[in-house]
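A structural walkthrough
Single-letter residue listing:
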Amino acid sequence: MALDQTAKNGVTHELVKFALDTNYADLPGEAIEIAKRCIVDGTACMMAGSKEPAPGILRKLARQVGGAEEARTLGKNSMRVPLHVAAQINGMSGHALDFDDTALSEEKDRSVLIHPTIQPLSACFAVGEHLNVSAEEFLTAFVLGFEVQVKIAEAINADHFTGGRGFHTSGTIGIFGATIAAGKLLGLDYKQMSNAMGMASTMSAGVGANHGTMSKPLNMSRAAENGVTAARFASLGMDGPAHALEAGRGFFEAFGGGYDPTKIIARMGDPWAIIYPGTSIKPYPSGVVGHPGMDTMKKLVEKHDIKPEDVEKIEVRTGANVITPGPLRIPHANNELEAKFCVAFQMAAIVLRRKAGLAEFSDAFVQSPECQEMQTRVKAELDPEIVEMGKGVIVARITLTTKDGHTYFEQSDPHYRGGPKNPLTYEEVSDKFRDASAGVLSEEKMEAFLKLARDFETLPGLSDIMDTVSA
């Protein structure tokens, strides 16, 4: 079927053609190694998140409505459900704790691009298990889903997320990563994949106002679910606009008020998004823009041996990509979900415990009298000099004053821990997996998964590795 000129020259065509033309042999070795770390990290987040209430609600609904037993959910109370439901539940688990990775921009007009792993990974686990694809096919689909959604997040006007529109890119744009990943594994042809992208553009959703509630990981959950659904609809013959992204009244216009086609045209795989801008694998289960500040506070209290009872006040000066209008906009946390987006809590946790892990990001600790009181000693405000640096730079300047009048100052390292320029090693990510899987998997299953994941690309199918992460 001949393509009209608009579709042929458009970005939708560029994305679809690249996804269909790319095979495992085309992936650089560095991309494969980073992808394996992302898979271990994303699976770790699903393990820990599967214990949370929100995925439990989705599993409860799945039991009520039933359906074909096509693929497994991962982690706690694993069950066999339809493909789109498996992607939905795993997507919710993967983002429930805000412990999953983040792709950050280095451009001045934007900061967080998207959480890039969970949507395509959830789609790959569901469709990949159902079809028992090879690990090479799985890796290819995952990297392509990652690539497509990051490129779209780079291209759309920054107003989509960082400006007045207030969309949550991990939902609105994550659906395209899940669609490409699912469509690649399902073997869609050009027309079908274009149709799937058209359907994804009309199924896209996710607003930023839900930060601090269960509805934030629901954005990720629905992106994974709808991506798989769009790909399956397309495989059955449903159609959509061939140029859904760039058309008048299309995705870019409706959701962003425009886009920069040069961020996509002739840039697919050049550079690969998983390499540059890369991704930040989180050492803390919270919004990544707060991590430099937590590391800086930890350095300060350890260097000067600051005790909680010594603290008079803490001043955090940072940029608009961190606090209002950035994601860490909650001034005082009263529960675990609010704590993930609250600078006052994050500083309080480090001062009180010198760490901020899963135990600290819990209702019990957040609501404890000592944590509630310590938060009142923290003030976060914009620093005009940091704001001028642009949204692509995350900086925290922390001043701590003790009750005896001493003042201590520390500024964050630009190459924060876990970021692309200071990444967690495979062993560090493996340790995160072990911690996240405690209470969900046996030690035997944990080590079996990590052994298989180390040489993931050699696996002939997914059954063995799926067995290790289904509790």
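Residues numbered from 1 in each chain as written. Predicted model: local features only at pLDDT ≥ 70, side-chain atom pairs only at ≥ 80, totals over all residues. Heavy atoms only, no water.

Comments concerning the environment of glutamate 52
Formally: The way it works is that DSSP assigns letters per residue, a run of H or I at least four long becomes a helix, a run of E at least two long becomes a strand, and they are numbered from the N terminus. What makes two residues a contact is simply this: any of their non-hydrogen atoms within 4.5 Å.
Summarising the element assignment, glutamate 52 is placed in the loop between helix H3 (29–49) and helix H4 (53–65). In contact with glutamate 52, other than residues within four places in its own chain, are Ala96, Leu97 and Glu336.

What about the confidence of the model for the protein?
Test applied: Per residue, pLDDT captures the predictor's confidence, and it can take any value from 0 to 100.
Averaged over every residue, the pLDDT of the protein is 95; residues scoring 70 or more account for 98%. Every residue in residues 1–7 is under pLDDT 50, and counting partners more than four places away or in other chains gives 10 contacts.

Regarding the sheet that holds strand E8 (residues 407–411)
Note the threshold: Two strands are counted as paired when DSSP detects at least two bridges linking them. Axis definition: a line fitted to C-alpha atoms, limited for helices to the stretch in contact. Angles are taken between N-to-C directions and run from 0 to 180 degrees.
The sheet built from 4 strands is open, its strands ordered E6-E5-E7-E8 with mixed pairing. On the outer flanks of this sheet lie strand E6 (378–382) and E8, each paired with one strand and no other. Averaged over neighbouring strand pairs, the angle between their axes works out to 15° when direction is ignored. Judged from the 5 bridges that link them, strand E5 (residues 311–318) and E6 form a sheet pairing that is parallel. Directly across from valine 316, in E6, lies its bridge partner alanine 380. On top of the sheet, helix H13 (residues 291–303) reaches E5, strand E7 (396–402) and E8; it is set at about 35° to E7, its chief contact. Packing against the sheet, helix H15 (residues 343–353) makes contact with E5, E6 and E7, and its axis sits at approximately 130° to E5.

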